[in-house]
Amino acid sequence: GYLAELLGGFINSMIEDMNNFIGLIWSYPLKLLPFKLELMENVNIDYKFPFRAADVPEGKDVAFGSSSIVTVVNKAFEVIAMHYLSLPFKVLYLDEFTGSFDDHHKLAGTRAIEELVSTQAFSQFFVISHDYSGYNSVSNAEFLVLNPDNIRLPPQGYNKHLTVYS
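As the structure is a prediction and not an experimental result, all values here were calculated from the model.

Peer 1: I keep staring at the overall build of the protein and nothing clicks. Help me out?
Peer 2: When you go through the protein residue by residue, the secondary structure sums to 4 helices and 4 strands. Along the protein, helices and strands appear, N-terminal first, in the series α-β-β-α-β-α-β-α. Considering the protein as a whole, with its 166 residues, one finds that 33% of them fall into the buried category. Within the protein, counting contacts between residues at least 6 apart in sequence, those at least 24 apart form 49% of the total. Total accessible area on the protein is roughly 11100 Å²; 55% of this is exposed by carbon and sulfur atoms.

Laid out in structure tokens, this is it:
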């Protein structure tokens with residue numbers, strides 16, 4: 001009924017915003033498809049996200065995409081959901097966010113995060129990354145390095161904002 005239509009409208013608005021975020025990162029067409037409410041009795045809403053991409057049959061759930069597709073869609077959901085919640089203190093965790101991306105998408109992912117930093121959409125970002133090009137490109141950042149062995153250290157220094165006791 002009416003409530004289901006309202007919920008469907010909200011879901012589609014959220015999907016549109018998620019597609020906009022995905023578009024900042026993805027270089028080829030990748031779109032979540034709109035939620036369609038079919039008026040039938042005994043319908044179970046499954047909360048799956050069908051999508052369209054270059055190498056996947058349309059209508060499959062995003063879980064059938066590559067690990068990179070799943071990662072970017074999950075992060076889009078997190079970013080947009082936090083935006084919709086209008087929380088006064090928002091922290092975005094980026095744990096190896098671009099780890100499964102190819103070089104082109106890693107760069108685009110880093111640029112998208114820089115855009116989020118510049119808009120001050122989040123009060124803090126926690127970036128966990130073993131990819132030097134990813135963590136070194138984040139401006140205005142403080143770096144925590146627990147073990148400096150076998151990593152390339154940021155040239156601007158690290159652990160300046162805290163004391164590490166061993």
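Now that the structure is up, let's keep going.
Peer 1: Explanation requested: helix α2 (residues 67-85) in the structure shown.
Peer 2: In an α-helix, one turn spans 3.6 residues, which is why side chains three or four residues apart end up on the same side. Look at α2: 27 Å from first C-alpha to last across 19 residues, which is about the 27 Å you get at 1.5 Å a residue. Among the residues of α2, Ser68, Ile69, Val72, Val73, Lys75, Ala76, Val79, Ile80, Ala81 and Met82 are the ones counted as buried. Where α2 ends, the next residue or the one after it, Ser86, has phi of about 50°, a positive value.

Peer 1: Looking at this structure, how should I read a nonpolar patch on the surface?
Peer 2: Nonpolar side chains collect at one region of the surface, where Tyr2, Leu3 and Leu6 lie side by side and expose about 390 Å² of accessible area between them. Among the structural elements, Leu6 can be located in helix α1 (residues 2-25). Leu6 sits in the partly exposed class, given a relative accessible area of 45%.

Peer 1: Honestly, the side chain of Thr98 in this entry has me stumped. Any pointers?
Peer 2: Position of Thr98 relative to the elements: it lies in the loop between β3 (91-95) and α3 (103-119). Setting aside residues up to four positions removed in sequence, Thr98 forms contacts with Lys106, Gly109 and Asp131.

Peer 1: Hey, could you run me through the side chain of Lys75 in this one?
Peer 2: Among the structural elements, Lys75 can be located in helix α2. For Lys75, the contacting residues outside a window of four places in its chain are Phe21, Leu92, Tyr93, Leu94 and Phe97.

Peer 1: Which parts of the structure should I look at to understand unusual backbone geometry?
Peer 2: Phi is mostly negative for residues that are not glycine, and the peptide bonds are mostly trans. Unlike most non-glycine residues, Ser86 shows phi in positive territory, near 50°. Looking at the element boundaries, Ser86 is found in the loop between α2 and β3. Taking relative accessible area as the criterion, Ser86 reaches 58% and is therefore assigned exposed. One non-glycine residue, Asn150, lies in positive phi territory at about 60°. As for its placement among the helices and strands, Asn150 is situated in the segment after α4 (132-136). By relative accessible area, Asn150 is classed as exposed at 84%.

Quick notes on the rules
- Within any chain, residue numbers begin from 1 and follow the written order of that chain's sequence.
- Residue-level local features of this predicted model are given only where pLDDT is at least 70; pairs of side-chain atoms are given and counted only at 80 or more, and the full residue set underlies all totals for whole chains, interfaces and linings.
- In computing side-chain properties, one takes all heavy atoms of the structure into account and sets aside hydrogens as well as water.
- For the purposes of this entry, the term helix denotes a DSSP run of H or I that reaches at least four residues, the term strand denotes a run of E that reaches at least two, and both are numbered from the N terminus.
- Here the term buried applies to any residue with accessible area under 20% of the maximum for its type, exposed to any over 50%, and partly exposed to those in between, with areas from a 1.4 Å probe on protein chains only.
- Any two residues whose heavy atoms approach within 4.5 Å at even a single point are treated as in contact.
- Each accessible area value is a Shrake-Rupley result obtained with a 1.4 Å probe; residue values ignore everything except the protein chains displayed when judging cover.
- In a helix, the anticipated span is given by 1.5 Å times the number of residues less one.
- Residues with no salt bridge and a relative accessible area higher than 30% make up the patches, which join like charges within 9 Å and nonpolar side chains (Val, Leu, Ile, Met, Phe, Trp, Tyr) within 5 Å.
- Put simply, a salt bridge is a Lys or Arg side-chain nitrogen that is within 4 Å of an Asp or Glu carboxyl oxygen.

Any link to function would need more than the numbers given here.
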